[in-house]
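# Fold and contact review
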Amino acid sequence: MINKTKNRFLKYLPIIVIAVYFAGPIFIGEYLTYLITLMAIMAIVTQGLNVMIGYAGQFSFGQPGFMAFGAYIGAIVVSRMPWIPFPLTILIVALASALLGFIIGFPCLRLSGFYLAMATFGFSSAIFELINYLGPLTGGNEGMYAPAAAIGKWKLTSTDDVYYIAAITVVLVMIGVKHISKTRTGRAWNAIRDDEIAASSMGINLQREKLKVFAFGAVLAGVSGLFYSYLIRYIESSYFSAMGLSFFLIMVVGGTGRVFGPIYGSIFIIMLPQVFGGKFNQHMNLVYGIILVLFVLLAPNGFYGIWDKIRNKSSVNMNLRDKLFSWIKRERVK
Amino acid sequence: MKSPNNDNILTLDNLSISFGGIKAVDGLSLKVNENEIFSIIGPNGAGKTTVFNIISGFYKPDSGTVEFKGRNLVNHKPHEIARFGVGRTFQNLELFSRMTVLENLLIAKHLYVKTRFWEELLKTKNVKVEEARAEDEAYAILNYLGLEQYAHIPISEFPFPIQKRIELARALSLKPELLILDEPAGGLNMVETEELSTIIQRIRDDYNLTVLLVEHDMSMVMNISDRITVLQYGKEIADGKPEEIQNNPMVIEAYLGKGAMHA
Amino acid sequence: MIFSLIVDGLAVGSVYALVAVGLVMLVKSTGALNFAHGDFMMISTFVAYSLLVQLELPFWVAIVGALAFAAVLGMVAERLVIRKLMTGPMSGIIMGTLGMAYILQGIAKIVWTDDIFKFPEFFPGDFVKIGSASISPQSIGVIISAIIIITCLYLFLNLTKVGTGLRALTQNKTAATLMGIKVTKVYSLSWALGGILAAFAGILLAPALYLSTGMGGITFTGIIAAIIGGFGNMFGAIIGGYLLGILSSVIPVYIPTELQGIIPFVLLMLVLFIKPTGILGKKMVKKV
């Protein structure tokens, strides 16, 4: 009986969480809205990384580059054609990022392990170098203004507006990845991660699936880059290149290869400096480094892994208790 | 038991490959008829597994052709060869050991689940239908091999003999016309090996496929093979029916060394 | 003009070669690509700087002190972080060493601040004239020092017992264990050696460049040099290092300054996509 109500509650829990999530900006101040929007943006890009590394085993240093690409393409296109409604901008950025993902993914197909990691790092760095080089288009080192999201005359300039765009997207992305993970493509990616030889002898086209996952990761990074430009309205390539560590941290802390890991990870990463503040920010990278090493060493499956451990422990205790009870009962019967 | 008919399903012609100057396979030619159980035997290092790896596209031969149902498999990638209808198992097991038995079989359904990426993202009705169908088919094979109770257990928790059978089930999920088995009885005891012999024959008949076998267990090979080819140092030294092979002096010499005949 | 550029390139290349050799040795012995290698270098060089300039210790004492520090740092990193990650997935090693890199940078920022420091030159003197080219004594000193260090490394690996053990381990782990080599001891040793090589590279690089906490970025240049030379081959790493040094010294003459940063990556891409096994790499046969 209790179990039933508990199950029903659990069933509706996500809906309640999502409802509260969307009603959020009405009740919280602008700063908190800004932070939560940032969390959503970080969760989207890290989900791309999570799918690449955690699901498909394709290591990537490329996410900051893809993210910058998305932000700059959006800004460059919309500043020249301001009439483009923002859903179309999102689509353009997604397509352009996917294309870039294919272009970069293609030469990477033959590579794996450290080689792949270095190739993606090389591409990412090349994107930053190009952004700085193409000054007339991108403002070079100085950066450029990013136009706000807009439909017709309706400009979505406030943080609340970006909040909703990012909130809807992050929910869709999580649901989409959840679906993928349980169906054909997700299985194929897992297969490639675990054993390429077996995967290919099961009829899985390694190259096609790797390209797909590269493009998927690129799209999520590109779109989140666009949202980031909506949020901060002024972009410099260094903003993005400085983010690389955060993505790994979010992924590892949340739980690599777990669908909702990036959400927990980005809540952790965004809230950490808020809780400690001031002095902490000066040494943020040091703290991040320590957390990353500690998690990789002690809790490689992140919060998810810790949670699983706690749950298993309590279930072991439960078994002990059950055994004890049954033993007492037996004694009584005697 | 059906009698093998005489259409070639697989023809190897003058196949050669060498690694670092050593000829692993040297001018091998053989014809496998449809629906037969064909074994390749030979001492360790004779190049048997290499032949399998050439057929399934992992190695590119230096020369020669592999013709499967009239199509040359050389220069095709492993996944294409799987699509053409060649399924295989591996000597040292290549299961996805972190995944469950059912997931392993579903991966082998990759070619038969007809869904598009965007459909999967949205989990459309088509996805649900296709996934359910694939799962039914996977369960059918698990049932057939008596593995259905294991469906949701991760591979790593099984002992070796059961893993071997799971890999066989996975290869069958590909719906192959040619099933390549690399030492399926390796690590099995006598009872398990005998059981496996029956299973292989049953699979051949029930699924109407051709079996190509590499195996060290001679009693099993002699028992179930329709024809046998013997390899030594990458070269064919004999071929024929099991009873012919058993009495071939060259084979006995290759296996037992010179002078064994006179002992 | 070109000649003096090439000599400058050889000097920078010597440093790249030292970094790359260290990286490759660690990959071969413990299977770990050390993304903190450049930060090992950075922090050891800062230690040398403090001993030399702030504590005003004699030159040789400062060098030996920094090398000892680097060796201990390498051993500690191996024992605390690498040994546990070695057996796991590659992404764990990348993230573990990347985390170490940020920790070392953070520590260096606390101890030495974000400023840049001038590291004293230890090959002073006038420019040497060879024909029309003039070459700085620093460059010549760096090149000769690197050659001596690499020769010593070669002799150490080939003539001493521990060195032979390390080489055996890099070639065949199982066989090395069977031969009675204490594997964990060799892991420790290789990381100590890796640290020392990094420290040497830093001390040679610092006078030419300013000393700052951002120096660690050389890790990526070192990895690129190692890949160009063919990973898994220390000799290749040396060649890769010198080649990268010369090319990144000569090519900028012919292209816009803004694009100079891109050179190593373009070279990396060229090697990865034309011959991923590098110049000296052997073709890998995958086992099924």
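What comes next concerns the included structure. Being a predicted model, the structure only gives us computed values, none of them experimental. (Residues numbered from 1 in each chain as written. Chains lettered and ligands numbered in written order. Predicted model: local features only at pLDDT ≥ 70, side-chain atom pairs only at ≥ 80, totals over all residues.)

This paragraph deals with the overall build of chain A. A tally of helices and strands in chain A yields 16 helices and four strands. Taken along the three principal axes of its C-alpha coordinates, chain A extends 90 × 55 × 40 Å. Contacts in chain A between residues at least 24 apart in sequence constitute 77% of all its contacts with a sequence separation of at least 6. (Helix = DSSP H or I, 4+ residues; strand = E, 2+ residues; numbered from the N terminus. Contact = placed C-beta atoms within 7 Å.)

Each helix and strand counted, chain C has 11 helices and two strands in total. For chain C, the α and β elements follow one another from N to C terminus as α-α-α-α-β-β-α-α-α-α-α-α-α. Compactness check: chain C gives a C-alpha radius of gyration of 19 Å against a globular reference of 19 Å for 288 residues, within 12% of the reference. C-alpha extents for chain C along the principal axes are approximately 60 × 50 × 35 Å. Within chain C, buried positions represent 51% of all 288 residues. (Rg over C-alpha atoms; globule rule 2.2 N^0.38 Å. Buried ≥ 20, exposed ≤ 12 C-beta atoms within 10 Å, placed from the backbone.)

Following both chains from N to C, one finds helix α15 (residues 284–298) of chain A and helix α4 (residues 90–112) of chain C inclined at 150 degrees, their axes separated by 7 Å at the closest point. Between α15 of chain A and α4 of chain C, the interaxial angle falls into the category roughly antiparallel. Between α15 of chain A and α4 of chain C lies a crossing whose hand is left-handed. Facing Asn-285, Leu-286, Tyr-288, Gly-289, Ile-290, Leu-292, Val-293, Val-296 and Leu-297 of chain A of α15 of chain A, the residues of α4 of chain C in contact are Gly-92, Met-95, Gly-96, Leu-98, Gly-99, Met-100, Tyr-102, Ile-103, Gln-105, Gly-106 and Ile-107 of chain C. Here the residues of the contact of α15 of chain A with α4 of chain C are counted per class, giving 13 nonpolar, seven polar and no charged. (Axes fitted to C-alpha atoms, helices over the stretch in contact; angles between N-to-C directions. Parallel < 35°, antiparallel > 145°, perpendicular 65-115°, else oblique. Left-handed = near helix turned anticlockwise from the far one by under 90°. Nonpolar A, V, L, I, M, F, W, Y, C, P; charged D, E, K, R; others polar.)

So, about helix α1 (residues 48–55) of chain B. Residues and elements named next belong to chain B. Burial analysis of α1 places seven of its eight residues in the buried class, the great majority of the element. Those residues of α1 that sit buried are Lys-48, Thr-50, Val-51, Phe-52, Asn-53, Ile-54 and Ile-55. Where α1 ends, the next residue or the one after it, Gly-57, has phi of about 90 degrees, a positive value.

This part is about the sheet that holds strand β5 (residues 71–72) of chain B. Residue and element names in this part refer to chain B. Strand order across the open sheet formed by four strands is β2-β1-β4-β5, with antiparallel pairing between neighbours. The sheet terminates laterally at β2 (22–33) and β5, the two strands that pair on one side only. As paired elements, strand β4 (residues 63–68) and β5 share two bridges and run antiparallel to each other. Across the sheet, the residue bridging to Phe-68 is Arg-71, located in β5. Lying over the sheet, α1 contacts β1 (8–19), β2 and β4, oriented at roughly 65 degrees with respect to β2. (Pairing = 2+ DSSP bridges.)

This part is about the environment of Ile-306 of chain A. Tracing the chain through its elements places Ile-306 of chain A in helix α16 (residues 302–333). Judged by the 14 C-beta atoms lying within 10 Å of it, Ile-306 of chain A is partly exposed.

Attention now goes to the interface of chain A and chain C. On the side of chain C, 33 residues touch chain A, which itself brings 33 residues to the contact. Among the residues forming the side of chain A that touches chain C, the class breakdown is 24 nonpolar, seven polar and two charged.

Over its 18 residues, helix α2 (residues 37–54) of chain C runs 25 Å from end to end, which matches the ideal 26 Å to within 8%, given 1.5 Å per residue. Immediately downstream of α2 of chain C, the backbone of Glu-56 of chain C shows phi near 55 degrees, a positive value. (Expected span 1.5 Å × (residues − 1).)

As a further point, take the environment of Gly-70 of chain A. Residue and element names in this part refer to chain A. Relative to the elements of secondary structure, Gly-70 occurs in helix α3 (residues 63–80). C-beta crowding within 10 Å serves as the criterion here: with 31 such atoms nearby, Gly-70 is assigned to the buried category. Measuring from C-alpha to C-alpha, the distance between Gly-70 and Phe-227 comes to 9.0 Å, with 157 residues separating the pair along the chain.

Residue and element names in this part refer to chain B. Within the chain, Glu-183 stands out as a residue other than glycine whose phi angle is a positive 50 degrees. Note that Glu-183 resides in the loop between β7 (178–182) and α7 (190–206). Positive phi values are uncommon outside glycine, yet Asn-208 reaches one of about 55 degrees. Tracing the sequence through the fold places Asn-208 in the loop between α7 and β8 (210–214). On the neighbour-count criterion, Asn-208 (11 C-beta atoms within 10 Å) is exposed.

Residue and element names in this part refer to chain A. Looking at the secondary structure, you find Ser-124 in helix α5 (residues 113–133). Judged by the 25 C-beta atoms lying within 10 Å of it, Ser-124 falls in the buried class. Put simply, Ser-124 and Gln-63 are 61 residues apart on the chain and 7.5 Å apart in space, counted from C-alpha to C-alpha. Residues contacting Ser-124, with those up to four places away along its chain left out, are Phe-61, Gly-62, Pro-64 and Gly-65.

The next point concerns the pairing of β7 of chain B. Residues and elements named next belong to chain B. Most of β7 sits out of view: five of its five residues are buried. The alternating pattern of β7 places Leu-178, Ile-180 and Asp-182 and Leu-179 and Leu-181 on opposite faces, both of which are buried. Taken together, the five bridges between β7 and β8 define a ladder with parallel strand orientation. Looking at the pairing, Ile-180 lines up with Leu-212 of β8. Regarding topology, α7 serves as the crossover connection from β7 to the parallel β8, and that connection is right-handed. (Right-handed = clockwise from strand over helix to strand, strands pointing away.)

Residues and elements named next belong to chain B. In space, the six strands of this open sheet follow the order β6-β7-β8-β3-β9-β10, with mixed pairing throughout. Each having just a single partner strand, β6 (86–88) and β10 (235–240) make up the two edges of the open sheet. Going from strand to strand, the sheet's axes swing by 20 degrees on average, the running direction of each strand aside. Pairing analysis gives four bridges linking strand β3 (residues 37–41) to β8, with the strands arranged parallel. Looking at β8, one finds that Ser-39 is bridged to Leu-213. Each of β3, β6, β7, β8 and β9 (227–232) is contacted by α1, which is oriented at about 145 degrees to β7, the strand it contacts most.

Glancing now at the packing of helix α9 (residues 218–229) of chain C against helix α10 (residues 234–250) of chain C. All names here are of chain C. Between α9 and α10, whose axes approach to 7 Å, the crossing angle comes to 115 degrees. In the packing of α9 onto α10, the handedness of the crossing is right-handed. Residues Thr-221, Ile-224, Ala-225, Ala-226, Ile-228 and Gly-229 of α9 form the contact with α10, whose own contacting residues are Gly-236, Ala-237, Ile-238, Ile-239, Gly-240, Gly-241, Leu-243 and Leu-244.

This part covers the pairing of β8 of chain B. Most of β8 of chain B is tucked away, with five of its five residues classed as buried. Here β8 of chain B shows no split at all, with Thr-210, Leu-212 and Val-214 of chain B on one side and Val-211 and Leu-213 of chain B on the other all buried.

Our focus in this paragraph is the nonpolar core. Within the largest apolar cluster, 265 residues are counted, with the highest numbers of intra-cluster contacts made by Val-21 and Ile-227 of chain C. The biggest single contributor to this core is helix α1 (residues 2–30) of chain C, with 16 residues. Taken together, domain 1 (1–85 + 176–263) and domain 2 (93–174) of chain B each give at least three residues to this core, which thus spans both. For Val-21 of chain C, the contacting residues outside a window of four places in its chain are Ile-150, Leu-153, Leu-197, Met-234, Ala-237 and Ile-238 of chain C. (Core = buried A, V, L, I, M, F, W, Y, C linked by C-beta atoms within 7 Å. Domains from an automatic or database assignment.)

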